[in-house]
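Next come the chains, spelled out residue by residue.
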There are 2 protein chains.
Amino acid sequence: MSESRPVALDAMGGDHAPHEIVAGAVHAVRERGLSVVLVGSPRVLYEALADHDATNDVPIVRAEEALAMDEGALASLRRPRSSIAVACHLVRRGDACAVVSAGSTAGVVATGRLRLKPQQGVLRPAIAVALPTVPTPTVLLDAGANAEVKPEALVQFAHLGTAYAELAFGVEHPRVGLLTIGSEAEKGNKLVKRAHELLEGSPGVRFIGNVEGYDLLAGKADVIVTDGFTGNVALKTMEGAVRYAFGELRTSIGSGRLARLGALLQRSRLRELRRRLDAEAHGGAVLLGLNGTVVIAHGSSRAPAISAACQLAADLAKGGVVARIGERVNAVPRHHRRW
Amino acid sequence: MSESRPVALDAMGGDHAPHEIVAGAVHAVRERGLSVVLVGSPRVLYEALADHDATNDVPIVRAEEALAMDEGALASLRRPRSSIAVACHLVRRGDACAVVSAGSTAGVVATGRLRLKPQQGVLRPAIAVALPTVPTPTVLLDAGANAEVKPEALVQFAHLGTAYAELAFGVEHPRVGLLTIGSEAEKGNKLVKRAHELLEGSPGVRFIGNVEGYDLLAGKADVIVTDGFTGNVALKTMEGAVRYAFGELRTSIGSGRLARLGALLQRSRLRELRRRLDAEAHGGAVLLGLNGTVVIAHGSSRAPAISAACQLAADLAKGGVVARIGERVNAVPRHHRRW
């Protein structure tokens, strides 16, 4: 599928909005050849684009309101003209192919749900994150859109994640694991035990069984499904643990006779590695299952991360991720559907 | 409270049983001045003790059966004379002060529950692990004893963890956090939202509110309560993430011009640090809330970890952790109890 419509980029969301967002848009257009439209306050964005001599390169769509980073789901209902709402509206109208925002996750998810609506056949949209495994990332979902779900939703997450792994990372027949607390089928809580039964023999899902917390970064599965509460706790735990390990490492190599070697390491590979591992630097989480793709960049994103998020959004749109998910979910034979 | 009764050490549980277990017992007796009794096959244990010239230093209590490492909860019911069951029986009879086992967690938990029974007023025994924060460890519970609990159980976990942090780590007025997916009171699933209400204003609990996955290793709380499903996923995720970070680090510093510096680091501090961070090396998880303390050492424990686990068990028994938990749980005014 060719895709000439631009990515709608929420220019007002994120800790470094609008300047780093605008710089990311300029990078995406000039270096990646992407088509991007900035959504936000025209006056502010025009000035920011002028700093890059880019007023002719990136169009602006007006949105005078914005969601603050600490505003949650409710605020999104009260701000129908916020930059993220307008960006969603562009996709809805067919004037943009996907949305990118570095705004507050709760606000982006609530706005996306409200403005784009779940696609036909999808029970619950989910947040998918790509964990830095090799050779291809492991997709973890739901990373926090739904604190409470039914087992049937986990089967759908398997379809959403499978479509994402295929399109974003070119994985053929992605292996799907179910996050729980032991490898035997009967391990876990009620939700997981029932989901295990449903996933076994689910058409179109290559289910490899239970996986545990250890396996998230071990590359054992291409897609790992869980409820949004567990997924969010696991993702943040992982980020905290990586940060902790590097902090301890810095303390350890910063003291004693190895101090100078440590300092050398810190300045070079260590910093690079830390950045790569730190989940905050990943291309972005993706909200799947809506009538349009929404890439949620981390709130602390600077220009390179915004540009990468635009690339991911464009790739997913070009691959037709919404249609692919729709085909998968609706291709499940009626007697296998529990939704 | 003085404590002269020995620690009952399950000599047949663990990947390196019985030799490393016996070596750990000899270390605990000789180097730590602890009193330990080994439970297992007398012939095998006598020979192992003879290797240390220690046949007179450590008494043996006969148990001819053992739970295999891959045997779960059900097997423990079928083996009333297993080494872990006999060790629990010694505590029950008042002939030992606490149990240490490196056997399978599921088997140890099931046997402990069955043989020692939950103490009066305790709804659910829980597994507590000490995370390596500074200046004192953070106690996470439940780390996996209960896959499904009611909100009231989380309040009790707060009492169990508070007693443990006070006795094992000397923390005064431990701060208790509730693990969830956002700092606001209304964040989380139904279980957590209700537990938040119950914890607020719970007498005897210094509740500091919600904590997130990031906070597990940040020293923000002294005790973090969660259900056993979430706690187990978080603990294993943390272990996996630390392992991953060090693996990546090794790859990174092992290549290119920094290879030699990296190799130097690997041989010294890095290995030491990795061992300290790796949750597998911690003193052991503790099963709290039974009529007797059970320390569950990691299955891969060697002599030093077994010796440390014996020390922890003796310290907890000496501090009267069972009585302390009983006082806490039963001191909650009736109108505040929801159990």
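Just so it is clear, the structure is predicted and the values come from calculations on it, not from any experiment.

We now examine the sheet that holds strand E5 (residues 126-131) of chain B. Residues and elements named next belong to chain B. Strand order in the open sheet made by the 11 strands is E3-E2-E1-E4-E11-E10-E5-E6-E9-E7-E8, with mixed pairing throughout. A strand with exactly one partner marks an edge of an open sheet, and here the two such strands are strand E3 (60-62) and strand E8 (206-211). Sheet twist, expressed as the mean angle between neighbouring strand axes with direction ignored, is 25°. Bridge count between E5 and strand E10 (residues 285-288): 3 bridges; the pairing is antiparallel. Of the residues in E10, the one forming a bridge with Ala-128 is Val-286. The strands touched by helix H1 (residues 19-32) are strand E1 (7-10) and strand E2 (36-40); relative to E2, the strand with the most contacts, the crossing angle is about 165°. In the packing of helix H6 (residues 151-169) onto the sheet, the strands contacted are E5, strand E6 (138-141), strand E7 (175-179), strand E9 (223-225) and E10, and the crossing angle to E6 comes to about 150°.

A few words now on a nonpolar patch on the surface. All names here are of chain A. On the surface, Leu-74, Leu-77 and Leu-114 cluster together into a nonpolar patch covering about 280 Å² of accessible area. Relative to the helices and strands, Leu-77 is located in helix H3 (residues 73-78). The partly exposed category is assigned to Leu-77, whose relative accessible area is 47%.

Moving on, we get to unusual backbone geometry. All names here are of chain A. Here the residue pair Val-134 and Pro-135 is connected by a cis peptide bond, since its omega of 0° sits within 30 degrees of zero. Here Pro-135 lies in the loop between strand E5 (126-131) and strand E6 (138-141). Phi is positive for Lys-117, close to 65°, though the residue is something other than glycine. Turning to its location among the elements, Lys-117 is positioned in the loop between helix H5 (105-116) and E5. Take Lys-117: its relative accessible area is 40%, and that puts it in the partly exposed class.

We now examine H6(B). Residue and element names in this part refer to chain B. For H6, with 19 residues, the first-to-last C-alpha span of 27 Å sits near the 27 Å given by 1.5 Å per residue. Of all 19 residues in H6, 16 are buried, a share of seventy percent or more. Trailing H6 by a residue or two, Gly-170 shows a phi angle of about 65°, which is positive.

Residues and elements named next belong to chain B. Structurally, Ser-83 is set in helix H4 (residues 83-92). Overall, the relative accessible area of 1% leaves Ser-83 in the buried class. Other than its neighbours up to four places away in sequence, Ser-83 contacts Asp-10, Met-12, Val-39, Gly-40, Ala-63, Glu-65 and Ala-66.

What counts, and at which threshold
- Residues numbered from 1 in each chain as written.
- Chains lettered and ligands numbered in written order.
- Predicted model: local features only at pLDDT ≥ 70, side-chain atom pairs only at ≥ 80, totals over all residues.
- Heavy atoms only, no water.
- Pairing = 2+ DSSP bridges.
- Helix = DSSP H or I, 4+ residues; strand = E, 2+ residues; numbered from the N terminus.
- Axes fitted to C-alpha atoms, helices over the stretch in contact; angles between N-to-C directions.
- Contact = heavy atoms within 4.5 Å.
- Patch = residues over 30% accessible without salt bridge, like charges linked within 9 Å, V, L, I, M, F, W, Y side chains within 5 Å.
- Areas by Shrake-Rupley, 256 points an atom, 1.4 Å probe, with all protein chains shown as cover.
- Salt bridge = Lys/Arg side-chain N within 4 Å of Asp/Glu carboxyl O.
- Buried < 20%, exposed > 50% of the residue type's maximum accessible area, 1.4 Å probe, protein only.
- Expected span 1.5 Å × (residues − 1).

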